[in-house]
Amino acid sequence: MSTATATAPVAEDGLFSPRYRGSSLSFAGVMFLVGFAALALVTTMPVAVKALDGLSLYPLAFGGFVTTGLFGSVLAGRLTDRLGPGRPLAAGLSLSVVALLVCGGAGSIWQLIAGRCLDGLAGGLVVVAVNVTVARTYPSGLRPRALSLMSVCWIVPSMAGPPIAGLVTAAASWRWVFLGLAALTAAVALASTVLAQRQIAGARGTAASGTAASGTAASGTAADGGGSVHGRNRVRLAAVVAVGAGLIEYAGSGTHLVQLASAVVGVALLAPTAPRLLPRGALRAATGIPAVVLLSGISSGVYFTLESFVPLLLINHRQVPVSLAGTAFTGATIGWAGASWLQGHVWSRVPRTRLVAIGTTMIVAASVVAALGVPGSAPPLTAALALVVAGAGMGLAAPSLTVLVFEYCRPEEQGQYGAALQVAQSLGQVLVMGLAGALYDAGAANARNAGEAFVAVFALLFAVAVAARALAPRTRSNTVPHTGG
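My aim in this report is to walk through the structure given alongside it, one point at a time. Just so you know, the residues in each chain are numbered from 1, in the order the chain's sequence is written. Local features in a predicted model are, by the rule used here, given only for residues with pLDDT of at least 70; side-chain atom pairs are given and counted only at 80 or more, and totals for whole chains, interfaces and linings are based on all residues. Values reported for side chains reflect all heavy atoms of the structure, with hydrogen atoms and water molecules removed beforehand.

1. Details of the layout of surface pockets
- One number sums up the size of the second largest pocket: a volume of about 390 Å³.
- Method remark: on a 1 Å grid restricted to protein atoms, a set of points is classed as a cavity if a 1.4 Å probe fits but cannot get out and as a pocket if it is open with protein on both sides within 12 Å along at least five of seven lines; lining residues have an atom within 4 Å of a point. Along the walls of the second largest pocket sit 19 residues, with Leu278, Leu283, Leu427, Gly428 and Leu431 positioned nearest its centre.
- A run of H or I in DSSP counts as a helix once it spans at least four residues, and a run of E counts as a strand once it spans at least two, with each numbered from the N terminus. The set of elements that each furnish at least two residues to the lining of the second largest pocket consists of α10 (257-273), α11 (289-317) and α16 (414-446). Grid points are joined across faces, edges and corners, and a volume is the space filled by probe spheres set on the points.

Have a look at this one:
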C-alpha cells in the first residue's frame, strides 16, 4: 500500500464517544435537515411553479440553486480558511431560514426563484463548512466514518420527505412545506451551532499543531494542487462563473434567440474564468489534488444527470406511475448511504484510490443499465436500477475523494480545496446536464421515437463515465499525505 493512499488507524474514540459526540450529533442533524429539505422539495417544486404560472421557468428554480451554490462554496472556502468553519456554518443555516421564508411567501415565480437562489448560496456555505469541520474535528482514521454518517442521515429523508411534503401540499398548501422547513431549519441551526462550536475551537488547536509538525509533508502538497487565484479574487471570479453557469441553465429553457444568446454569453464567461477556480493542473488531470477535484466534478455530473433523465424516462416513456417512479430516488439514496457506510467501516482500510476506481466503474455500469431500460421489451423499472447502482458508486467514490483532498492539503488550505470540490461538482452538473439536455432535445425532435433520444443521452453519459473511470488511478499522489489530526 502506498503512503499516498494509506489510511491512519481508526482512533479508539468512536464518532459518539464523549470527545466527538457533540460534533457528530450536530453534523447528523444538519445533514438530516439538508436531505429532508432537498427531497421534500422534489415533490413540492412542480406544484409551486405551476401555481405561480411559471412552468416555462421551472429549470431556473433548480438551476439557480446550483449556480448560487457554486458562489457560496468559494465564499465559504475563503471564510473558513480565515475564520474557521463555525461562522460560515451558522451564517449558511440562518440564510437558509430566510430563503425558505422568501419561497413560502412567494407571490410570483421570480420571488420563488430568488428564494431558491438564496437557498443555494446558503447550501454552498453549509456544505463546505461541514466538510472542513469534519477535517478539523476528527483524526484521519475517523473521517471516512464521519462522512458515511452524513450519507446515512439521508436514508430517512429519502423515505419520509416526499410523502410528507405531498401530504402537506394536498391538505394545506405548498407554501406550508417551505414555511415548515424554515421552522425546522431554525431549530436545527440553533442546536447544531451550539454543539459544533464547543468542539471546533478545540479542533483549531489540534489543526494548528498538526501544521507545525507536518513540515515537509505539508509543503510538498502545495505543488501538487494549489489554485492560482486566492482571496478576494477567487470570490469575484466565482461570481462571474455563477453568472455564466446561470446563463447556460437559462439557455436550456428554450431555443429562442434569447436562450441561444444566453448560451453564447454563458460559455464566454465560463471558458476563461472557471479553470481559475480549480487547482492548477485540474484540466489536464495532474496527479493528486487536481485529478481528485476533476474526477469529483465529472462523476457528479454523470450521477445527477442520470437522476434527472431516469425519472423522465420512467414516467413519460415507460408510463410508470409517479409514485412508483419515486422509489428510484429512495433506492439511489439507500445505495449511496449503504456504500458510504461500507467505505467508512468495513472497507475503511482499503486504499481510497481503489474505492474511487470501484465507484466509478459502478457509475459506468449504471449508464449501461439505464440504456437497457429504454426498449419496451425490458421490464418497466429496469432503468430505476441504474440509479441504485449509480448511487452506490457515488457512495464509494464521493467520500473517498473528499478524504483524499484533505489528506493531500495543509489544514489552512482545507477551505480552499473543499470549495474547489464543490465548484467542480456544480460545474460538472451544469455542463453534463446541459449537453445531455441539448442532445435530448435534438433527438426528440428528429428521432423516429422518443426512446432513441434517451439512448443518445445514456450513450453520452457512458462515454463521460468511462473518462471518469480512466482518471481514477491519477487520484494517487506521490507526496506524503497530511493527516491533520
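2. Description of empty space enclosed by the protein
- On inspection of all chains with the given rule, the structure shows one cavity of 30 Å³ or more.
- By volume, the largest cavity amounts to about 40 Å³.
- As for the largest cavity, its lining consists of Asn131, Val134, Ala135, Arg143, Leu147, Thr402, Val403 and Phe406.
- Looking at the lining of the largest cavity, the elements that each hand over two or more residues are α4 (109-137), α5 (143-152) and α15 (382-408).
- Just so you know the grouping, Ala, Val, Leu, Ile, Met, Phe, Trp, Tyr, Cys and Pro go in nonpolar, Asp, Glu, Lys and Arg go in charged, and all remaining residues, Gly too, go in polar. Within the lining of the largest cavity, the residues separate by chemical class into five nonpolar, two polar and one charged.

3. Some points on the environment of Val130
- Relative to the assigned elements, Val130 resides in helix α4.
- With 44 residues separating them in the primary sequence, Val130 and Gly86 have C-alpha atoms 8.7 Å apart.
- By the convention used here, residues are in contact when the closest approach between their heavy atoms is within 4.5 Å. Contact partners of Val130, with chain neighbours within four places excluded, come to Val30, Met31, Leu89 and Met150.

4. Regarding helix α6 (residues 155-171)
- One less than the residue count of a helix, multiplied by 1.5 Å, gives the span that helix is expected to have. If you check α6, its first and last C-alpha atoms are 25 Å apart, about what 17 residues at 1.5 Å a residue would give, namely 24 Å.
- Where α6 bends most, at Gly161, the angle is about 35°, and the proline Pro162 comes one to four residues later.
- Between buried and exposed lies partly exposed: a residue is buried under 20% and exposed over 50% of the maximum accessible area for its type, with that area taken using a 1.4 Å probe on protein chains only. When we look at burial in α6, the residues that qualify are Pro157, Ser158, Gly161, Ala165 and Thr169. For a residue, the bend is simply the angle between two axes, fitted respectively to the seven-residue segment ending there and the seven-residue segment starting there.

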